[in-house]
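Descriptive analysis of the structure
Below, each chain spelled out in residue letters.
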Amino acid sequence: MLKPGQQVTVSVHSLTDKGDGIATLGGRPLYVEGVLPGEQAEVRLTLVKPNFCHGRLVRLVQAAACRREDFCPYTACGGCQVRVMDYQAQLELKRQLLLDALKAQGLDCPVAQTLGMDDPFHYRNKAQYAVQPGPFIGFYAKHSHQLVEVEQCRVQAPETAEVVRRVRDWMRGTAQPAYNEATGEGMVRHIMVRNGVNSGELMVVLVVATMPSEPALAQLVAGLESLPGLASLVLNINGDGGNRVLGPDNRLLWGKEAIADSLDGLEFAISPLSFYQVNPRQTEVLYREALRQADLKGHETVFDLYCGIGTIALFMARQAHRVIGVELVPEAIADARANAERNGLANVEFHPGAAETVVPGLYRQGLRADVVVVDPPRKGCDQALLETLAEMKPERLVYVSCNPKSLARDLAWLSKHGFELEQATPVDMFPHTMHVETVALLRRR
Ligand code: SAH
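This is a predicted model, so every value here is computed, not measured. Residue positions are counted from 1 within each chain, in the order its sequence is given. At least 70 in pLDDT is required for a residue's local features to be given in this predicted model, at least 80 for side-chain atom pairs to be given and counted, and no such filter applies to totals for whole chains, interfaces and linings, which use all residues. Hydrogens are left out, water is left out, and the side-chain values use all remaining heavy atoms of the structure.

1. Some points on the site of the ligand
In the vicinity of the ligand there are 17 residues, among which Gln277, Tyr287, Glu327, Ala355 and Asp375 approach most closely. Polar contact is defined as a pair of N or O atoms within 3.5 Å, subject to the rule that within protein one atom must be able to donate a hydrogen and the other to accept it, and that residues adjacent in sequence are counted only when both atoms are side-chain atoms. Taking tyrosine 287, its side chain carries an N or O atom lying 2.6 Å from an oxygen atom of the ligand. Note that an oxygen atom of the ligand is positioned 2.6 Å from one of the side-chain N or O atoms of glutamate 327. Here the Shrake-Rupley method, with its probe set to 1.4 Å, supplies the accessible areas, and only the displayed protein chains count as covering residues. Burial of the ligand by the protein amounts to 88% of the accessible area it has alone, namely 570 Å². When residues are grouped by polarity, Ala, Val, Leu, Ile, Met, Phe, Trp, Tyr, Cys and Pro land in nonpolar, Asp, Glu, Lys and Arg in charged, and all others, Gly among them, in polar. Here the residues of the shell around the ligand are counted per class, giving 10 nonpolar, four polar and three charged. It suffices for a single heavy atom of a residue to lie within 4 Å of a molecule or strand for the residue to be listed as near it.

Right, here's the structure in full:
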């Protein structure tokens, strides 16, 4: 009989979606944080259930060959789950996760090596720090809202540490209370920092539950305006009890409403609420791969579905006859139109609404795409959209996905409805995490 407190030695064979190690103990999975596949570990059981167990690492008996020294001092932070794995092994792991997901759906196609980064550090252009009474400023621990104080993070832009210091100084100097999640009282909730990697422009968004006084706001501006690169300082008001970081209302405190950035020669405006890919260097790699698979000759009509602020659409528009973007969030559509104009691209149009209602409508009006690109959220494409695509029969369908499981499910359906899966390429957008991005190509049979 296994019981909590007991110590066991186990072999780790795989990882969960969150990067915890999985071993098998008495016929059931044992989950252990901080161990890698191929490792033997001495583990103290913390939870024993009929179908699974949890344990805490006591000692590594045999380390994996891919284990390397931890580069991060914030061991409790839940951000980079597989950072103790060397980078090459991370890239192989991500390819394997994609292969496993495809295989589970009975799919088989050439899968390229994961396209990784030369320097997988400081890659993020957006940092979201949580603030809790103290004030403590940092990121959440794994599986919780327990705050881990973090200042200098290896995957964030180096400028962010100075923003955190100055906001903390302002909170202390003017006695601004942090928001308390448990009671709903207090003020400062989050600090969001966005930086245009190619423009050098910095945006700071302070998220508050209640309005600071005007003199306090003046002191905030005075404290932050000398930040190198600062182009925009925004107050976001979020009085909601829930988990959402940003509220709907912004007040510009200093500088301009949006910062600029460029991707592969295209310029984009980024406002506080708009979606923008978080790793700009790899976004170029991702979009170039999508473009390569789309194989445009210049005469095509292209659909970019789930288009966000139109980034993929504009990439395609430079090489296609006509591009139609569809996106659920109306503000993103407004950004997309502005971005098209900013870049002088007149052969692209954007439609607000759900892809699964807009695309059937366009199809009924007689519009057909030669090439379709989809880039849905984690849950994948809606069935009604897949059915319309199967009827429309575009020559090529490029599927960009952040979730191998929903990707494989949709690819399996499409493979049974007139398409042939040709190839898939994993792209590493989030080094040191379990996230895998994929670009897959289907061709009309
Ligand atoms: N292709 C873009 C955005 C991808 S993120 C880029 O690379 O930047 C996925 C997008 O799908 C989000 O912008 C989200 O708002 C949008 N979305 C979610 N559900 C949708 C739906 N049913 N129809 C259309 N867009 C949707």
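Still more ground to cover, so stick around.
2. Let's talk about unusual backbone geometry
Residues other than glycine predominantly adopt negative phi, and peptide bonds predominantly adopt the trans conformation. In this chain, glycine 134 is followed by proline 135 through a cis amide linkage whose omega measures -5 degrees. Even without a glycine there, the phi angle at histidine 122 is positive, about 50 degrees. A run of H or I in DSSP becomes a helix once it reaches four residues, and a run of E becomes a strand once it reaches two; helices and strands are each numbered from the N terminus. The topology assignment puts histidine 122 in the loop between helix H1 (87-104) and strand S6 (126-132). Residue classification places histidine 122 among the partly exposed positions, given a relative accessible area of 31%. A 1.4 Å probe rolled over the protein chains alone gives each residue an accessible area, and that area as a share of the maximum for its type sets the label: buried under 20%, exposed over 50%, partly exposed in between.

3. As for the environment of glutamine 96
Along the chain, glutamine 96 falls in helix H1. Classification of glutamine 96 by relative accessible area gives partly exposed; the value is 39%. The spatial distance from the C-alpha of glutamine 96 to the C-alpha of proline 426 is 9.6 Å, given a sequence separation of 330 residues.

4. Quick notes on the packing of aromatic side chains
Here the aromatic set is Phe, Tyr and Trp, taking the six-membered ring for Trp, and pairing holds for ring centres within 6.5 Å; pairs whose planes are under 30 degrees apart are stacked, those over 60 apart are edge-to-face, and all others are tilted. Applying the stated criterion across every chain, the model contains five aromatic pairs. Residues phenylalanine 71 and phenylalanine 121 carry aromatic rings whose centres are separated by 5.0 Å and whose planes lie at 90 degrees to one another, so their mutual orientation is edge-to-face. Here phenylalanine 71 is found in the loop between strand S5 (53-62) and H1, whereas its partner phenylalanine 121 is found in the loop between H1 and S6, with 50 residues between them in sequence. For the pair formed by phenylalanine 71 and phenylalanine 121, the shared burial category is buried. If you follow arginine 189 out to its NZ or CZ, it ends over the ring of tyrosine 179, 4.0 Å from the centre. The criterion for a charge sitting over a ring is simple: Lys NZ or Arg CZ within 6 Å of the ring centre, and within 35 degrees of the ring normal. The ring of phenylalanine 315 carries the charged tip of arginine 318 above its face, separated from the ring centre by 5.3 Å.

5. What to know about helix H7 (residues 355-364)
In terms of burial, H7 is largely enclosed, as seven of its 10 residues are buried. When H7 is considered as a whole, its buried residues turn out to be Ala355, Val358, Val359, Pro360, Gly361, Leu362 and Tyr363. Contacts are residue-level and defined by heavy atoms, with any inter-residue pair within 4.5 Å sufficient. Tucked inside the fold, the buried residues of H7 contact strand S15 (301-305), strand S16 (322-327), strand S17 (348-352) and helix H8 (383-392). Just downstream of H7 lies glycine 366, where phi reads positive at about 100 degrees.

6. What about the domain arrangement of the chain?
Along its sequence, the chain is carved into domain 1 (7-62), domain 2 (90-118 + 279-444) and domain 3 (126-263). On a C-alpha basis, the centroid separation for the pair domain 1 and domain 3 is 37 Å. Domain start and stop points were drawn from an automatic or database domain assignment.

7. Topic: the side chain of glutamate 201
Examined against the element boundaries, glutamate 201 turns out to sit in the loop between strand S9 (188-195) and strand S10 (202-208). Only 2.8 Å separates the side chain of glutamate 201 from the side chain of lysine 256, close enough to count as a polar contact. A polar atom in the side chain of glutamate 201 sits 2.8 Å from the backbone nitrogen of alanine 260. What glutamate 201 contacts, discounting residues up to four positions off in sequence, is Arg194, Asn195, Gly196, Gly229, Ala231, Lys256, Ile259 and Ala260.

8. Details of the sheet that holds strand S8 (residues 147-149)
Spatially, S8-S7-S6-S9-S10-S11-S12 is the arrangement adopted by the seven strands of the open sheet, whose pairing is mixed. Each edge of the open sheet carries a strand with a single partner, namely S8 and strand S12 (249-255). On average, each strand axis in the sheet is tilted by 30 degrees relative to the strand beside it, whichever way the strands run. Where S6 and S9 come together, five bridges link them in antiparallel fashion. Residue pairing for S9: glutamine 128 is matched across the bridge by methionine 192. Along the sheet face, helix H2 (residues 160-173) touches S6, strand S7 (136-140), S8, S9 and S10 and points at about 150 degrees away from the line of S9. Under this scheme, a helix contributes an axis fitted over its contacting stretch, all axes are lines through C-alpha atoms, and angles between N-to-C directions fall in the 0 to 180 degree range. Its contacts with the sheet put helix H3 (residues 214-224) on S10, strand S11 (230-237) and S12, and the angle it makes with S12 is roughly 50 degrees. By the convention used here, strands pair only if DSSP detects at least 2 bridges between them.

9. Section: the UniProt feature "active site" (unreviewed entry) in the chain
Feature annotation in UniProt places "active site" (unreviewed entry) on Cys402, given in this structure's numbering. When its relative accessible area of 23% is taken as the criterion, cysteine 402 is described as partly exposed. Discounting residues that sit within four places of it in the chain, cysteine 402 has contacts with Pro376, Pro377, Arg378, Val436 and Glu437. UniProt positions are given in the numbering used here, feature names are shortened, and annotations may be inferred rather than shown by experiment.

10. Some remarks on the environment of histidine 299
Structurally, histidine 299 can be placed in the loop between helix H4 (280-294) and S15. As for histidine 299 and valine 167, which are separated by 132 residues in sequence, their C-alpha atoms are 52 Å apart. Among all residues touching histidine 299, those that are not within four sequence positions of it are His321 and Asp370.

11. Digging into the pattern of salt bridges
Charged atoms that come close allow side chains of opposite charge to pair. Basic side-chain nitrogens of Lys or Arg form a salt bridge, by our definition, when they fall within 4 Å of a carboxyl oxygen of Asp or Glu. Evaluation of the coordinates by the stated rule reveals 26 salt bridges. The partner of lysine 405 in a salt bridge is aspartate 17, with the nearest N and O atoms 3.3 Å apart. Taken together, the positions of lysine 405 in helix H9 (residues 404-415) and aspartate 17 in the loop between strand S1 (7-15) and strand S2 (21-25) put the pair 388 residues apart, joining distant regions of the chain. Residue lysine 405 shares its accessibility class with aspartate 17, and that shared class is exposed. The residue glutamate 149 makes a salt bridge to arginine 168 at a minimum N-O spacing of 4.0 Å. Pair noted here: glutamate 149 is in strand S8 and arginine 168 is in helix H2, with a separation of 19 residues, a long-range link. Using a relative accessible area of 39% as the deciding quantity, one classes glutamate 149 as partly exposed. Overall, the relative accessible area of 11% leaves arginine 168 in the buried class. Here the residues in one salt-bridge network are Glu149, Glu151, Glu162, Arg165, Arg166 and Arg168, joined through shared partners.

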